[in-house]
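# Notes for the structure review
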Amino acid sequence: MSDNFVVEVKTYMNDLITKNVSNKTKLWDLPTKLDIIRKVHKKYGNFGSDIAKAEWVRIKENNEREMI
C-alpha cells in the first residue's frame, strides 16, 4: 500500500473523531472507538481498520499526556 492510502485513512479517521467525540474523555469510551473503527473498516477494508487501530492508540497516548 502507498503512503497516500495511510494518510487518507488517518485523515478520514481524524474527521470522524472531530465529528463524533465531544471531549477527550470520550476517546476512552469503547463504543466510540468501535464505531469509528467500524466506519473506517466499511470504507477502507481490513488494512484500513488495522491502520485505524494503530492510529487510535497513538491519539490516545498523545491526549493522555495532555490531560496529565
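Report follows, based on the coordinates. Because the structure is a prediction, the values reported are computed rather than measured. (Residues numbered from 1 in each chain as written. Predicted model: local features only at pLDDT ≥ 70, side-chain atom pairs only at ≥ 80, totals over all residues. Heavy atoms only, no water.)

### Regarding the overall build of the protein chain
In terms of helices and strands, the protein chain carries two helices and zero strands. Principal-axis analysis of the C-alpha atoms places the extent of the protein chain at approximately 35 × 20 × 15 Å. Evaluated residue by residue, the protein chain yields a buried proportion of 29% over its 68 residues. Partitioning the intrachain contacts of the protein chain with sequence separation of at least 6 by distance along the chain shows that 66% fall at a separation of at least 24. As displayed, the protein chain has an accessible area near 4700 Å², and 53% of this comes from carbon and sulfur atoms. Within the protein chain, the 10 negative side-chain charges are centred at a point lying 5 Å from the centre of the 13 positive side-chain charges. (Helix = DSSP H or I, 4+ residues; strand = E, 2+ residues; numbered from the N terminus. Buried < 20%, exposed > 50% of the residue type's maximum accessible area, 1.4 Å probe, protein only. Contact = heavy atoms within 4.5 Å. Areas by Shrake-Rupley, 256 points an atom, 1.4 Å probe, with all protein chains shown as cover. Lys, Arg positive; Asp, Glu negative; His and termini not counted. Charge placed at Lys NZ, Arg CZ, Asp CG, Glu CD.)

### Describing the nonpolar core
Val9, Met13, Ile17, Leu27, Ile36, Val40 and Trp56 are the most contacted members of the largest nonpolar core, which totals 15 residues. Elements supplying a minimum of two residues to this core: helix H1 (3-20) and helix H2 (30-67). Sequence-distant contacts of Val9, that is, excluding residues within four places in its chain, are made with Val40, Tyr44, Gly48, Ile51 and Ala52. (Core = buried A, V, L, I, M, F, W, Y, C linked by side-chain atoms within 4.5 Å.)

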